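Each chain, letter by letter, is given below.
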Amino acid sequence: MNKPATGSATPPPSRNIKAIVHQNLARRRAAERRFRGYGLVAITLGLAFVVLMFGNIISKGLPAFWQTYIQVPITFDSTVLDPQGARDPQALANADYATLVRAGMRQLFPHVEGRLPLRALGGLISSDAAYELQRRIQDQPELLGSTQEVWLLASAAVDTFFKGNIDRTLPEAERPIKDNQIEWLDKLKTSGKIEKQFNAVLFQSGDSREPEQAGIRGALMGSFFTLLVTFLLSFPIGVATAVYLEEFAPKNRWTDIIEVNINNLAAVPSIVFGLLGLAVFINFFGLPRSAPLVGGLVLSLMTLPVIIIAGRAALTSVPPSIREAALGMGASKLQMVGHHVLPLAMPGMLTGSIIGMARALGESAPLLMIGMVAFIVDVPKNFLDPATVLPVQIYLWSDLPERAFVERTSAAIMVLLAFMILMNGLAILLRKRFERRW
Amino acid sequence: MSTTVLETQTALDQALQASTAPRHKSSVEVTDYNNRQTVGKITVDNPKMVCRDVDVFYGAKQAIKKVGLDIGANEVIAFIGPSGCGKSTFLRCLNRMNDTIASCRVTGQIMLDNEDIYAKEIDVVQLRARVGMVFQKPNPFPKSIYENIAYGPRIHGMVNTKAELDELVHDSLERAGLIKEVEKRMQEPGTSLSGGQQQRLCIARAIAVNPEVILMDEPCSALDPIATAKIEELIDELRENYTIVIVTHSMQQAARVSQRTAYFHLGDLIEIGDTDQIFTNPRHKLTEDYITGRFG
Ligand SMILES: Nc1ncnc2c1ncn2[C@@H]1O[C@H](COP(=O)(O)OP(=O)(O)OP(=O)(O)O)[C@@H](O)[C@H]1O
Ligand SMILES: [Mg+2]
């Protein structure tokens, strides 16, 4: 304290510094611990939600991959199917197969009498069974006249009951399965004539009003065609744009404006692109509604900015020394880009594109605007057939109250997620595989 | 000591800015540019490249100020000078690598075999085939060793058959003194070589297109003394067939490999002359300060 004024400039004794540092150290460590705590809590919460979501979806959706079938003895009675005996394929195709199904069921339960009980008995089998028999005769006309044990698709109510989702203690009026039906089903079960089989229908047919006949094939094909259009359009255009902007365009006000706009486009809500597509592609150019072509065009608009931005990032990450080396060897600018820069940037561009495509795959809002939300039974065969896509199918099914549709909604979500994970995995693989090599 | 340098610098700058007098024709001993003089003889008897009144601007900033010098055929000329004085900038003018920098503007005259390389009818692609370049950091293409060498001849259409190309690749690697090390691993990536090998690969790549002039920007700065010695040896051999311009921060290296030396300072060419003379008997104060290590 009584030191001269100049002494105040000298550092305090080292003992003090140590003490101060020590004091701060404790604070610093506490802050660090707190921060780590927050991080852990955040991660745990996030993981918990993921587990909850997946658990919920999987527990709901898994049963949909199995479907209940009933084994019925079917007599392909030629007096019913082919009264003229002409074996005319046309007549065979239009024959009354439902009668065969009913006859088969009566054979299983010969004591059932009366209009209503018989109707209840027929109700155990899906209306698709008749078509199934028709397909069999079409494939193997020699079956005519023979008797076969055929596994027929059970109705949705039976399926739900058999999967244990209908409480048999409920009053009869409150359940879709009546007492006599339960009795028959129990008999079928003891004789092993009812079982769950892999649900191929889910992957083989389009949408349907009957839940047991509804599948995601239509939506899958719709998504496939839509994404194909999206990729074919947005990848080349996106890459070309990125290359031009990054390598060739002069840096001036115009390119700045373009750049800002591209960045803004990436942030535009997707439904706006749907409105744009409706106005431009459908109302102005007169393209058909509900078509994967239009869906692909709309999703391209949405994906383009993503691909351009990822592409430019990939291009800038190629070191300038490679460019100098190429130019120094006397390569033209196009050769420099084509031979060296683009191949090095390609993995990054592909990664960005795949992530963009994965986003497009999960997109539903813009497609609602252009009519890809219709109820479409037929599986689309080309870019102009009316179609829907997987997320929209999920949206449509999620609205339906039947237990079987609830199951299918979750199953469709699982399929969608599987594709997403596949695509993202591919992107990660590409990134790892082509990790920078310079 | 540092104050002396500062004073000299400011004095020079003031002199440069104050005067607007027209410049005289280049003289034998001293080239007089607007009061500022390039000490030494800038011309040679059989020039490969002739540079006159070269100005380089990055935007509004002038990086090279009225530099004139000749580069003789089959000589090694070294550019030395403190960091940021414009050696790289000037070197990159010689094969128009500066064209790639949008803000860079070059004026004046640079002739290669009496042809103005900045003339409109000159194709930079052809020019860079004639004036090759080796960079400070080895920058092989991330392709195979073979492809690294084959790239230049291929894009310039110098060979027709695979056999010719094989021979050219082999020959270039041999002249770069690398063949023994890479003969067995031609298909391995060029980036798998050591730093010194990579730099020799870059030299081999440059000579594969058989240029007339090779520009080297601090080719050894990333290398150890042994690798450096190899490259210096190589430069000495290459001198027989090529004209070489080398930028270096190492006085010893300049003294070892070059016949002539040019000393740059803040964008000015201060002194130029035979390497022996520059290093033993510098005539300008700045040169002397620099090579005696009092500067830079
Ligand atoms: N691309 C550029 N844009 C703007 N200014 C530049 C650019 N390149 C170099 N300069 C400037 O030009 C001047 C000369 O740079 P140059 O690279 O030629 O120096 P140098 O002599 O090669 O230095 P060093 O020995 O450190 O490599 C420096 O002041 C530098 O800041
Ligand atoms: Mg430099």
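Fair warning: this is a prediction, and the values are worked out from it, not measured in the lab.

A word on the domain arrangement of chain A. All names here are of chain A. Once the domains are mapped, chain A shows domain 1 (67-199) and domain 2 (217-434). Each of domain 1 and domain 2 has a C-alpha centre, and the two are 46 Å apart. Roughly 370 Å² of surface becomes buried between domain 1 and domain 2 when both sides are summed, with 38% attributable to carbon and sulfur atoms. The largest contributions to the domain 1 side of the interface with domain 2 come from Thr160, Lys163 and Asn165, which together make up 61% of the buried area. Taken together, the connections running from domain 1 to domain 2 amount to two residue pairs in polar contact (both at pLDDT 80 or more). The element contributing the most residues to the side of domain 1 that touches domain 2 is helix α7 (residues 156-162), with three residues.

The subject of this paragraph is the site of ligand 1. Residues and elements named next belong to chain B. In the vicinity of ligand 1 lie 13 residues, with Lys61, Ser83, Lys87, Ser88 and Thr89 positioned nearest. One nitrogen or oxygen atom from the side chain of Lys61 is found 2.8 Å from an oxygen atom belonging to ligand 1. One of the backbone nitrogen or oxygen atoms of Gly86 is found 3.0 Å away from an oxygen atom of ligand 1. Contact with the protein chains removes 65% of the 630 Å² of surface that ligand 1 exposes when unbound. At the level of elements, β4 (61-72) and α2 (87-93) are the ones that each hand at least two residues to the shell around ligand 1.

The subject of this paragraph is the UniProt feature "domain: ABC transporter" (unreviewed entry) in chain B. Within the UniProt annotation, "domain: ABC transporter" (unreviewed entry) is assigned to residues 49-291 of chain B. This span, residues 49-291 of chain B, is 37% helix and 27% strand, and a straight line between its end C-alpha atoms measures 26 Å.

Attention shifts here to the layout of surface pockets. The computed volume of the largest pocket comes to approximately 620 Å³. Lining the largest pocket are 24 residues; nearest its centre among them are Glu247, Lys333 and Met336 of chain A together with Thr100 and Ile101 of chain B. Those elements that provide at least two residues to the lining of the largest pocket are α10 (217-248), α13 (292-316), α14 (320-328) and α15 (333-361) of chain A together with α3 (124-130) of chain B. Examining the composition of the lining of the largest pocket, we find that four residues originate from one element, α14 of chain A, more than from any other. Grouping the amino acids of the lining of the largest pocket by side-chain chemistry returns 12 nonpolar, three polar and nine charged.

The rules we used
Residues numbered from 1 in each chain as written. Chains lettered and ligands numbered in written order. Predicted model: local features only at pLDDT ≥ 70, side-chain atom pairs only at ≥ 80, totals over all residues. Heavy atoms only, no water. Domains from an automatic or database assignment. Buried area = accessible area lost by both parts, 1.4 Å probe. Polar contact = N/O pair within 3.5 Å; in protein donor to acceptor, adjacent residues only side chain to side chain. Helix = DSSP H or I, 4+ residues; strand = E, 2+ residues; numbered from the N terminus. Near = heavy atom within 4 Å. Areas by Shrake-Rupley, 256 points an atom, 1.4 Å probe, with all protein chains shown as cover. UniProt positions renumbered as here; feature names shortened; annotations may be inferred. 1 Å grid on protein atoms, 1.4 Å probe; cavity = no way out; pocket = protein on both sides within 12 Å on 5 of 7 lines; lining within 4 Å. Points joined across faces, edges and corners; volume = space filled by probe spheres on them. Nonpolar A, V, L, I, M, F, W, Y, C, P; charged D, E, K, R; others polar.

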